[in-house]
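Here's the letter readout for the chains.
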Amino acid sequence: MNLRTAYLATPLLVLAYGVIRILDGLDGSRGPGIAWTTGHLAFIAALALFIPIFLDMRRRLGGGVLPTVTVVAGIAGIACAMAQFVIDVVVGFMAADNAGMGVLFDRVQEVPGVDLLVYQGGPFLFYIAQFVLVTHLAVVKQVKYWTPVLVMLDFMLPLMNKDLMPLGALCLLVSFIPLARTAATPVQGRHILAA
């Protein structure tokens, strides 16, 4: 998958997760089942695509200490968020119903450090890194000044109400479209100069 596709597919996968999550809850509970698993797998795929996106943002910023440290923190946050979603999928397979999932989640979160790393603190590194990278891109005028605002909305809307996740994903899509358009530009430019 090329970078242009990654920039567009990532918010669409987050959108898919948000919509599936809403549909899964229409009966009054979420999971276990096909909707639970499918939605979580969509978000895991989105998280995986953020790795090349972060590396591309670092490249656009010319490397350096701040972008590199930010990407390292972001990838650590991605790993924590992925662990959370993998746990969710496994619990969904192991439990017979929503109540059974609750019991299994309690057991997982009782393991020392898991709640902090996987559920509370760790995943925030991903969101913070994303915001820092996009803000840095705005400062050096590689994206519009409003791009960090849209990225922040993608992060904040689900915190206010998880059912707002599809709206946040649309904000992310709008912020990533300009990045997708220019994803291959520097590489093409080098080929032109080399010819």
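Just above, that's the structure.
To start, this report covers the structure provided alongside it. (Residues numbered from 1 in each chain as written. Predicted model: local features only at pLDDT ≥ 70, side-chain atom pairs only at ≥ 80, totals over all residues. Heavy atoms only, no water.)

Observations regarding the packing of helix 3 (residues 65-94) against helix 4 (residues 98-110)
Move 1: Orientation of helix 3 relative to helix 4, taken along the N-to-C sense of each, is 135 degrees, at an axis distance of 9 Å. It follows from the interaxial angle that helix 3 and helix 4 lie oblique. Crossing geometry of helix 3 relative to helix 4 is assigned as right-handed. The residues of helix 4 that touch helix 3, namely those facing Ile87, Asp88, Val91 and Met94, are Met101, Leu104, Phe105 and Val108.
Move 2: For the contact of helix 3 with helix 4, a count of residues per class yields seven nonpolar, no polar and one charged. (Axes fitted to C-alpha atoms, helices over the stretch in contact; angles between N-to-C directions. Helix = DSSP H or I, 4+ residues; strand = E, 2+ residues; numbered from the N terminus. Parallel < 35°, antiparallel > 145°, perpendicular 65-115°, else oblique. Left-handed = near helix turned anticlockwise from the far one by under 90°. Contact = heavy atoms within 4.5 Å. Nonpolar A, V, L, I, M, F, W, Y, C, P; charged D, E, K, R; others polar.)

Section: empty space enclosed by the protein
Move 1: Under the counting rule described, the total for this entry stands at one cavity of 30 Å³ or more.
Move 2: Tyr127, Gln130, Phe131, Val151, Met152, Asp154 and Phe155 together form the lining of the largest cavity.
Move 3: Elements with a minimum of two residues in the lining of the largest cavity: helix 6 (122-139) and helix 7 (147-160).
Move 4: Grouping the constituent residues of the lining of the largest cavity by class yields five nonpolar, one polar and one charged. (1 Å grid on protein atoms, 1.4 Å probe; cavity = no way out; pocket = protein on both sides within 12 Å on 5 of 7 lines; lining within 4 Å. Points joined across faces, edges and corners; volume = space filled by probe spheres on them.)

Here we look at the pattern of salt bridges
Move 1: Across all of its chains, the model carries four salt bridges by this definition.
Move 2: With a closest N to O distance of 3.5 Å, arginine 30 and aspartate 163 form a salt bridge. In this pair, arginine 30 is assigned in the loop between helix 1 (3-24) and helix 2 (34-60) and aspartate 163 in the loop between helix 7 and helix 8 (165-181), connecting sequence segments 133 residues apart.
Move 3: Judged by its relative accessible area of 26%, arginine 30 falls in the partly exposed class. (Salt bridge = Lys/Arg side-chain N within 4 Å of Asp/Glu carboxyl O. Buried < 20%, exposed > 50% of the residue type's maximum accessible area, 1.4 Å probe, protein only.)

Concerning the packing of aromatic side chains
The geometry of an aromatic ring pair is captured by the separation of the ring centres together with the interplanar angle, meaning the angle of the planes.
Move 1: Tallying each qualifying case throughout the model produces twelve aromatic pairs.
Move 2: On the basis of an interplanar angle of 90 degrees and a centroid distance of 5.8 Å, the ring pair of phenylalanine 124 and phenylalanine 155 is categorised as edge-to-face. Of this pair, phenylalanine 124 sits in helix 6 while phenylalanine 155 sits in helix 7; the two residues are 31 residues apart in sequence, bridging distant segments of the chain.
Move 3: Taking relative accessible area as the criterion, phenylalanine 155 reaches 18% and is therefore assigned buried. (Phe/Tyr/Trp six-rings, centres within 6.5 Å; stacked < 30°, edge-to-face > 60°.)

As for the nonpolar core
Move 1: By size, the foremost hydrophobic cluster in this structure holds 35 residues, and its most contacted members are Tyr7, Phe50, Ile53, Phe54, Met57, Phe176 and Leu179.
Move 2: Every element with two or more residues in this core is listed here: helix 1, helix 2, helix 3, helix 6 and helix 8.
Move 3: If we ignore the near neighbours within four places in the chain, the residues touching phenylalanine 50 are Thr10, Ile78, Phe126, Gln130, Leu172 and Phe176.
Move 4: One finds Trp36, Val91, Phe105 and Val118 within the second-largest nonpolar core, a separate group that totals ten residues. (Core = buried A, V, L, I, M, F, W, Y, C linked by side-chain atoms within 4.5 Å.)

Considerations on the packing of helix 1 against helix 2
Move 1: In contact at an axis separation of 8 Å, helix 1 and helix 2 are set at 150 degrees when each is read in the N-to-C sense. Between helix 1 and helix 2, the angle falls in the class roughly antiparallel. Handedness of the crossing formed by helix 1 with helix 2: left-handed.
Move 2: Class assignment of the residues belonging to the contact of helix 1 with helix 2 gives a composition of 20 nonpolar, four polar and three charged.

Quick look at the layout of surface pockets
Move 1: Its volume calculated, the largest pocket comes out at about 830 Å³.
Move 2: Forming the boundary of the largest pocket are 32 residues, of which Tyr17, Gln84, Phe85, Lys162 and Met165 lie nearest the centre.
Move 3: At seven residues, helix 2 tops the list of elements feeding residues into the lining of the largest pocket.
Move 4: When the residues that make up the lining of the largest pocket are grouped by side-chain class, the tally is 21 nonpolar, five polar and six charged.

With respect to the environment of proline 123
Move 1: Note that proline 123 resides in helix 6.
Move 2: Given a relative accessible area of 7%, proline 123 falls into the buried group.
Move 3: With sequence-adjacent residues up to four places away left out, proline 123 is seen in contact with Gly77, Cys80, Ala81, Gln84, Leu117 and Val118.

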